[in-house]
Amino acid sequence: MSEIKPALRIQGVSKQFEIYASPAQMLLELIGFGTRHESFAALTDINVEIGRGEVVGIVGRNGAGKSTLLKIVAGTLTADCGKVEVDGRISAILELGTGFHPDYTGRENIVMGGLCLGMSRKEILAKQEEVVAFSELGEFIDRPFRTYSSGMQARLCFSTALACEPTILIVDEALSVGDVRFQRKCFAHFEALRARGTTILLVSHDMNAVAQFCDRAVWLERGRVVATGTAKEVSEDYLRAMLGEATAAAAQAPNMPAFSQTLGGDIAPEMRYGSGAACIEHVEVLDSNGNAVELLQSRGQYTLRARVRAVRNLGDLHVGFAVRTVRGVEVFSINPRPQKVAPVELAPDEVVHAEVAFTNYLAPGDYFVTVGAWGLNDDAHHDRRVDVLQIHVSGDIGALPQSLVDLHAKYSFTKVGSL
Amino acid sequence: MRELQELLRSILSRHRELVFELARREVLERYAGNALGSVWAVLTPLLTMAIYVGLFGFVFPARFGGDESPWLAAALILSGLVPWIAVADCATRAPSTLLAHRALVRQVVFPVEALPAKSVLACLVPQIVGTVVGLTIALIVAGASWMLLLLPVLWLAQIAMMFGLMLVLSTLGVWLRDLREIVSFLANIGLYVAPILLLPQIINGLPRPAQWIIAANPVSHMVWCFQDTVVYQRFEHPWSWLVFPFVALTLLFVGAKLFTKLKPAMGEAL
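Now for a look at the structure at hand. As the structure is a computational prediction, the values presented were derived from the model and not from experiment.

Residues and elements named next belong to chain A. Enumeration over the complete set of coordinates arrives at 28 salt bridges over all chains. Between Arg309 and Asp349 there is a salt bridge whose closest N-O contact spans 3.6 Å. Residue Arg309 is located in strand E14 (residues 301-310), and its partner Asp349 is located in the loop between strand E17 (344-346) and strand E18 (351-359); the two are separated by 40 residues in the primary sequence. Overall, Arg309 belongs to the partly exposed group, its relative accessible area being 28%. In this structure, a network of salt bridges that share partners links the residues Arg9, Glu49, Lys83 and Glu85.

Shown next, in the form of structure tokens:
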């Protein structure tokens, strides 16, 4: 990377925003009535160097300064100090449908979209047929944009963004929409672009996408670079930090025996309900050394444990676990019955650990654990905590990323001669 | 100064084609779905001018005993009315310019300044029509003179004022949603606090305070400059030639500063 000129060099970039209580305050300051703003450091001394053909993930929670940084890189905002050197042209995958007018045809929208991305009319017209071909829209290209399905709209936006042959492509969360086939096509195309030397900046909350697709990652937090490194390391550190925070928030929340309770923040809200006859106090995953973890490796040995306290006399306590994907697909669930484990009897204030030892055959991704406690003779749950624990599985299972489970698969070709 | 330079560089060179395309679309979209389509872009200003000139050039002066010839009055009215329509149109549209394009304002790579620029450009379309008509009448009534060479300077100053006004109002419009109503009210009133329809002998007949109010209106000075150039063909209002460019440039500077300062916060506010 040192011999060739980097595609993007960000040196000591800082950006402050002035925040005014109201526009009137700003007017007063402009006319000369003293300082009337509070400064907010959106970016502080950012130094990043990105080489040609590198794919770099930018991670960080909302408000960490990702968009500000991208805007400065793209030239739509100017930094207060520092330098941004861009060698080549920048393009960005537009948010779905923006810059695109619903009443205009696909063809006309290619022109508008291209102009928004800084291409000249001549260039766009020269590329138009290519864009049409890539978008696979066929005869639809001459129909109004509003008649397109969302997948078709996405294809057109994507194709337009690629038309200007960017040296740096910014992909800002835009891929989270659109169908899986389209997403796969996008990623396949990125691979081709990267092979040609295009630098790609991927802003995403999907750590699996970052880990799989990016070479490196930059983690921003409150306008500062917290970490840079290989995409896998950074995304795992980031996830660990996010999950740790979620756990801390849960620990601080008052221990309510029943009813519903929600946790704020970046994690999905927990839903909780039940009669209150028992209380699920704590849910955790332990690794083989007995340490609580939220980041699980594929095929590792783990134990899922719930601590349940009886509030009144319980004759036959059952505790069930379910593991679901982010989209709510139940991947695995268990309670004592299939394994003929007898329910436990508890006196008030007695505590029991319900444990499920397992080998982690989950495919990499995020999962939520739901735990319920009930008695056979009761018609309602004592306590049920939906999505109480978020876990993240990482690792390479040698399967496609949309897989849900790790089948311990082995792939092979065997020639069987000519038939 | 730096803010203004950057703005102008962006809209005049880097994103020039985008500004033109956006302006073209705005003009087309404004009348989309009408049977006559963009013919209205020409028809509306013509009709407006015809009505004002008819009423204030021919009907009223006859009643009030004006001593100017109706055609001279028409030339006077048109020379002020044409730039006024553009400025008022620009001011009225400004507060909603950014609001109407939230999606674009939030974009990572979109140059937001292209939006006020294209709105100004779109507001100039009626002026082109009006100028042709107005100049024709003025040439017949007053003849040609070297003063007409100053017209491009006046147009530049007028565009600077419109762009400044557009920047200020469109930026504030993001936060002050009532601005649109206030501005459109002021634009309605403004026509009668300027020497556009009020011909010189009417103004002379007004009480002193009313004359002061008219002189305090910056738009009045723009109108006087245009009247000097097109109709009087001498510096009848020398002060206006200082006040108008000064006001225009001040607005442009303030607008560029305000817009650049608040640009980063716009995405959130919309």
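Residue and element names in this part refer to chain B. One pass over the full model with this rule turns up 7 aromatic pairs over all chains. Look at Tyr52 and Phe56: their rings are 6.2 Å apart centre to centre, the planes differ by 50°, and that puts the pair in the tilted class. Highlighted residues: Tyr52 and Phe56, both in helix H3 (residues 39-64), separated by 4 residues, approximately one helical turn. For the ring pair Phe235 and Trp241, a centre distance of 5.0 Å and an interplane angle of 80° mean the geometry is edge-to-face. Exposure remark for Phe235: the relative accessible area of 41% places this residue in the partly exposed category.

Once that is clear, we can look at helix H5 (residues 150-163) of chain A. Residue and element names in this part refer to chain A. Taking 1.5 Å of rise per residue, the 14 residues of H5 would be expected to cover 20 Å, and the 20 Å separating its terminal C-alpha atoms lies within 8% of that figure. Burial analysis of H5 places 13 of its 14 residues in the buried class, the great majority of the element. Just downstream of H5, Glu165 is the residue with a positive phi angle, here 45°.

This paragraph deals with the sheet that holds strand E11 (residues 278-286) of chain A. The strands that make up a sheet pair up through hydrogen bonds in the backbone, lying either parallel or antiparallel. Residues and elements named next belong to chain A. One open sheet accounts for 4 strands, arranged E12-E11-E14-E18; its pairing is antiparallel. The sheet terminates laterally at strand E12 (292-293) and E18, the two strands that pair on one side only. Here E11 runs beside E14; their pairing, made up of 8 bridges, is antiparallel. Each bridged residue has a counterpart across the sheet, and for Glu284 the counterpart in E14 is Arg305.

Residue and element names in this part refer to chain B. A grouping of Ile51, Leu55, Phe58, Val59, Trp71, Ile140 and Val141 is seen on the molecular surface, where their side chains present a nonpolar patch of about 650 Å² in accessible area. Put simply, the parts of the chain that give the nonpolar patch at least two residues each are H3 and helix H7 (125-142). With 4 residues, the top contributor of residues to the nonpolar patch is H3. By relative accessible area, which is 33% here, Phe58 ends up partly exposed.

Residues and elements named next belong to chain A. Judged from the 6 bridges that link them, strand E8 (residues 216-221) and strand E9 (residues 224-230) form a sheet pairing that is antiparallel. By the bridge assignment for E9, Val218 is matched with Thr228. Where E8 folds back onto E9 in an antiparallel hairpin, the turn is made up of 2 residues, including Arg222, whose phi is positive at roughly 50°.

What follows concerns the packing of helix H4 (residues 70-97) of chain B against helix H6 (residues 114-123) of chain B. Residue and element names in this part refer to chain B. It is at 9 Å that the axes of H4 and H6 come closest, and there the two elements cross at 150°. With respect to H6, the axis of H4 lies roughly antiparallel. When the axes of H4 and H6 are compared, the crossing they make is right-handed. Facing H4, whose interface residues are Ala86, Asp89, Cys90, Arg93 and Thr97, H6 presents Leu115, Pro116, Ser119, Val120 and Cys123. Considered class by class, the residues forming the contact of H4 with H6 number 6 nonpolar, 2 polar and 2 charged.

Calculation criteria
Residues numbered from 1 in each chain as written. Chains lettered and ligands numbered in written order. Predicted model: local features only at pLDDT ≥ 70, side-chain atom pairs only at ≥ 80, totals over all residues. Heavy atoms only, no water. Salt bridge = Lys/Arg side-chain N within 4 Å of Asp/Glu carboxyl O. Helix = DSSP H or I, 4+ residues; strand = E, 2+ residues; numbered from the N terminus. Buried < 20%, exposed > 50% of the residue type's maximum accessible area, 1.4 Å probe, protein only. Phe/Tyr/Trp six-rings, centres within 6.5 Å; stacked < 30°, edge-to-face > 60°. Expected span 1.5 Å × (residues − 1). Pairing = 2+ DSSP bridges. Patch = residues over 30% accessible without salt bridge, like charges linked within 9 Å, V, L, I, M, F, W, Y side chains within 5 Å. Areas by Shrake-Rupley, 256 points an atom, 1.4 Å probe, with all protein chains shown as cover. Axes fitted to C-alpha atoms, helices over the stretch in contact; angles between N-to-C directions. Parallel < 35°, antiparallel > 145°, perpendicular 65-115°, else oblique. Left-handed = near helix turned anticlockwise from the far one by under 90°. Contact = heavy atoms within 4.5 Å. Nonpolar A, V, L, I, M, F, W, Y, C, P; charged D, E, K, R; others polar.

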